[in-house]
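Coordinate inspection notes
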Amino acid sequence: TVGRKSVAGLAVGATTTVTIDWNTAQSSIGTHTLTAHHDLADDDASNDQGSTTVTVTDPGGPGPVTDLAVINVAAVPELVQGNIAGVNVTVSNLGDQDVGTSFNVILDDDTDGVTVGSKSVAGLAAGATTTVTIDWNTATSSLGLHTLTAHHDFADEDPSNDQGSTTVRVNDSSGNSPVTDVAVTSVSTPASPVQGDIAPVNVTVENVGTEDVGATFTVTLVDDTDGVTVGSQSVAGLVAGATTTVTIDWNTAQSSIGTHTLTAQHDLADEDASNDQSSTIVTVNDPGGPPPVTDLAVTSVAAVPELVQGNIAGVNVTVENVGNQDVGATFTVTVVDATDGVTVGSKSVAGLAVGATTTVTIDWNTAQSSLGLHTLTGRHDHPDADASNDEGSTTVRVNDPGGGSPVTDVAVTSVSTPASPVQGDIAPVNVTVENVGNQDVGATFTVTLVDDTDGVTVGSQSVAGLAAGATTTVTIDWNTAQSSIGTHTLTAQHDLADEDTSNDQSSTIVTVNDPGGPPPVTDLAITNVAAVPQLVQGNIAGVNVTVANVGDQDVGTTFSVTVMDDTDGVTVGSKSVAGLAVGATTTVTIDWNTAQSSIGTHTLTAHHDLADDDASNDQGSTTVTVTDPSPPAEIHVGDLDGLASNDGRTWSGTVEITVHDGNHTPVDGAYVAGTWSESAVVTQYCTTSGGTCIVTFAGLRKKVGSITFTVTTAALAGQTYVAGQNHDADGSSNGTSVTVNKP
């Protein structure tokens with residue numbers, strides 16, 4: 001308790017402010033919650049208190065902090081293999097110290113495991129930010145999604161923010177891969193039904209892929225709580241980007257009262273199963289209304305984390321009426337010191353309305369309290385429907401007025417044995433115990449070793465006390481004559497009652513070997529199946545299958561390796577291998593002709609036909625995307641570059657526009673139209689030559705600080721303008737609008 005003051009009454013509508021001094025001499029460093037309450041019994045206990053937070057700072061002040069952070073890594077979302085993209089890395093000095101030395105910013109392609117490049121930065125002032133651009137040449141990059149990670153090499157105090165990442169998709173020059181993906185985006189019902197109602201459940205499905213879905217699929221709604229199917233509806237296909245909502249009626253006549261989880265799922269086989277279902281939670285209400293529930297809950301018990309023996313601390317106990325019945329009777333809140341087994345004190349509460357909360361403060365005088373950690377439990381004595389929430393606890397440490405609190409804590413710090421024994425050996429197991437508390441332990445305690453795997457006690461040793469900070473190692477012999485062959489978990493534990501039970505035990509894993517040696521094992525494993533991530537339909541790709549002899553027996557017979565296209569259900573091909581020595585590895589290449597393959601993602605599975613002792617590793621898989629050889633008939637803006645010129649009393653803004661096709665290749669003859677922010681009603685247009693064209697706004701007055709050009713449309717015979725694909729490789733715009741600043 002910080003303090004208290006009396007108020008000599010208060011008229012209706014009047015306000016008064018009292019000032020209570022808070023002496024922070026004994027306060028802990030950090031954030032404190034200060035709660036003020038009055039003790040007048042009134043009709044609304046919910047507003048009888050209020051709180052604020054205050055930070056107590058160290059009188060020595062904060063120390064200097066050096067911290068450079070990579071706060072952003074940005075690049076175009078996708079580009080064609082062979083193009084060069086600028087990756088912008090933004091670094092900020094979040095510390096309070098200037099960085100005067102040079103440091104490097106390095107960009108890595110985590111997907112291909114290569115370094116893209118690096119740039120030096122000649123220091124950075126506190127609070128300053130800088131952006132470096134590192135060019136990424138994708139000529140040798142693999143197709144697909146790449147994770148680009150940038151980091152700096154300056155040694156600072158917070159390495160957690162020294163790097164950042166972005167993802168970029170590298171496409172084949174023939175175009176993007178088709179994606180079939182239907183998602184259940186929402187499940188909703190207008191209101192909570194009463195048992196017996198028929199509730200309409202709306203399920204929204206969206207085609208988030210790039211391919212139209214022509215086949216009919218079914219959406220099914222399941223009541224997970226009662227384990228029954230509510231109903232289903234068919235959807236007769238869905239074009240790319242489209243959304244549809246189906247309504248499935250839920251007859252709740254047989255539904256249980258209470259909360260239900262309703263899950264909707266479609267049955268279309270697509271490329272992303274993670275979004276094939278979605279759920280909502282609905283409450284089915286009792287037609288007779290809810291039963292009366294009286295329930296007072298102790299929702300919080302709070303006090304200072306520690307105090308000096310002899311001081312008085314206020315213990316704040318918060319009680320809430322979480323039932324649906326007012327409590328008119330007076331009840332008592334009591335705080336007990338469970339550690340010393342004494343009652344701290346109690347206070348009465350004159351009833352509590354439904355939903356109301358009250359906090360009572362009970363002073364704890366620690367003059368007679370023992371030193372160390374105390375558990376304080378607050379509870380009320382009102383009989384209610386739920387006894388499980390009638391009490392709550394907190395812990396407070398009582399410190400010695402002459403110094404810190406005594407702590408008794410013995411820890412098992414390690415369990416080890418020199419080697420893996422052969423069944424029948426007697427293996428010495430070393431258990432190290434350390435007194436990590438600040439009190440000498442004079443009493444004898446026992447260390448016991450248990451074999452958790454076989455469920456037997458190995459043995460025990462006594463330790464005749466241990467001084468604070470001291471360490472001792474006991475050796476317990478483990479006779480493995482009756483131990484099972486294989487891996488064993490050995491756990492050592494002491495039996496001393498101390499203040500931290502979390503470190504009273506420790507374990508190790510040991511293998512007991514067969515005295516006759518291991519049995520002969522014949523085992524060929526498919527350790528890798530590799531192919532290009534994507535190729536154009538009609539091309540031939542080599543599928544590399546790596547087989548290793550992971551057994552302990554040479555394989556002298558010939559065996560076959562076969563690759564299957566699981567997606568199309570056909571055999572790609574097979575090759576023979578003339579045996580394989582123990583520990584040896586071989587890689588066979590089987591050509592896959594995709595002339596007849598379907599468009600989309602294919603799972604290629606390789607397996608061998610040798611009968612061995614472990615069938616679980618006889619096959620392996622990889623996925624390859626077969627793309628349409630025809631590029632999409634689409635155009636978009638691939639770059640906007642602004643340039644300003646000083647024309648004396650006026651200035652001009654010029655924008656160079658680059659138009660790309662679906663392969664991000666510049667195209668000629670594209671008509672581009674757009675508007676300037678200074679004259680939005682006037683459309684300016686140009687036609688690309690060499691992939692670019694220029695628009696200019698001249699005669700701008702000097703008071704105009706900047707001007708923005710926005711592309712409104714683009715057109716080319718036989719092509720569709722897709723504004724959503726607009727981008728800017730150098731990051732100077734979003735591909736649709738660019739701002740030119742006055743020179």
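Presented here is an overview of the structure given in this document. Just so you know, these numbers come straight off a predicted model, no measurement behind them.

Parameters and conventions
- Residues numbered from 1 in each chain as written.
- Predicted model: local features only at pLDDT ≥ 70, side-chain atom pairs only at ≥ 80, totals over all residues.
- Heavy atoms only, no water.
- Pairing = 2+ DSSP bridges.
- Helix = DSSP H or I, 4+ residues; strand = E, 2+ residues; numbered from the N terminus.
- Axes fitted to C-alpha atoms, helices over the stretch in contact; angles between N-to-C directions.
- Buried < 20%, exposed > 50% of the residue type's maximum accessible area, 1.4 Å probe, protein only.
- Polar contact = N/O pair within 3.5 Å; in protein donor to acceptor, adjacent residues only side chain to side chain.
- Contact = heavy atoms within 4.5 Å.
- Disulfide = S-S within 2.5 Å.
- Phe/Tyr/Trp six-rings, centres within 6.5 Å; stacked < 30°, edge-to-face > 60°.
- Core = buried A, V, L, I, M, F, W, Y, C linked by side-chain atoms within 4.5 Å.
- Patch = residues over 30% accessible without salt bridge, like charges linked within 9 Å, V, L, I, M, F, W, Y side chains within 5 Å.
- Areas by Shrake-Rupley, 256 points an atom, 1.4 Å probe, with all protein chains shown as cover.
- Salt bridge = Lys/Arg side-chain N within 4 Å of Asp/Glu carboxyl O.

**Quick look at the sheet that holds strand β29 (residues 456–466)**
- Judged by pairing direction, the sheet is antiparallel, and its four strands sit side by side in the order β29-β28-β31-β32 without closing on themselves. At either end of the open sheet lies a strand with only one pairing partner, and these are β29 and β32 (505–512). For this sheet the average axis-to-axis angle between neighbouring strands, irrespective of direction, equals 20°.
- Examined bridge by bridge, strand β31 (residues 486–494) and β32 share eight bridges and lie antiparallel to one another. The partner of Leu490 across the bridge, within β32, is Thr508.

**So, the side chain of Thr377**
- For Thr377, the position within the fold is in strand β24 (residues 372–380).
- The exposure class assigned to Thr377 is buried, which follows from its relative accessible area of 7%.
- Among the polar contacts made by the side chain of Thr377, one reaches the side chain of Ser393 at a distance of 2.9 Å.
- Aside from chain neighbours lying at most four places away, what touches Thr377 is Thr334, Val335, Val336, Ala338, Glu391, Gly392 and Ser393.

**Some remarks on the state of the cysteines**
- Taken as a whole and assessed by the stated rule, the structure comprises one disulfide.
- Each sulfur of the disulfide joining Cys686 and Cys693 lies 2.1 Å from the other.
- Overall, Cys693 belongs to the buried group, its relative accessible area being 6%.

**Concerning the packing of aromatic side chains**
- If you walk through the whole model with that rule in mind, you get four aromatic pairs.
- Residues Trp676 and Phe709 carry aromatic rings whose centres are separated by 5.0 Å and whose planes lie at 55° to one another, so their mutual orientation is tilted. Taken as a pair, Trp676 in strand β43 (residues 671–676) and Phe709 in strand β46 (residues 706–715) lie far apart in primary sequence, 33 residues in all. By the burial criterion, Trp676 is buried, and Phe709 matches it.
- Ring-pair connections join several aromatic residues into one group, and the members of that group are Trp676, Phe697 and Phe709.

**Looking at the nonpolar core**
- Core analysis: the biggest nonpolar cluster contains 25 residues, and Val91, Phe103, Val105 and Trp136 have the highest contact counts within it.
- Sort the elements by how many residues they give to this core and strand β5 (residues 84–93) lands first, with four residues.
- Apart from residues no more than four positions distant in its own chain, Val105 is found in contact with Val89, Val91, Gly117, Ser118, Lys119, Val121, Val132, Ile134, His151 and His152.

**Overview of a nonpolar patch on the surface**
- On the surface, Val2, Val7, Leu10, Val18 and Ile20 cluster together to form a nonpolar patch covering roughly 400 Å² of accessible area.
- The topology assignment puts Val2 in the segment before β1 (30–37).

**Focus on the sheet that holds strand β45 (residues 692–701)**
- Reading across from one edge, β45-β42-β41-β47 is the order of the four strands in this open sheet, with mixed pairing throughout. This sheet does not close on itself; its edge strands, each paired only once, are β45 and β47 (720–721).
- Bridging between strand β42 (residues 650–661) and β45 involves eight bridges; their strand directions are antiparallel. Directly across from Glu656, in β45, lies its bridge partner Ile694.

**Regarding the pattern of salt bridges**
- Under the defined criterion, the tally for this structure stands at three salt bridges.
- Of the charged contacts in the structure, one is a salt bridge between Arg4 and Asp363, with a shortest N-O distance of 3.4 Å. On the criterion of sequence distance, the pair formed by Arg4 in the segment before β1 and Asp363 in strand β23 (residues 357–365) is long-range, its members being 359 residues apart.
- Residue Arg397 is joined to Glu499 by a salt bridge in which the shortest nitrogen-to-oxygen separation is 3.7 Å. Of this pair, Arg397 sits in strand β25 (residues 391–399) while Glu499 sits in the loop between β31 and β32, and the two are 102 residues apart along the sequence.
- Look at Glu499 and you get partly exposed, because its relative accessible area is 36%.

In short, geometric facts, not functional conclusions.
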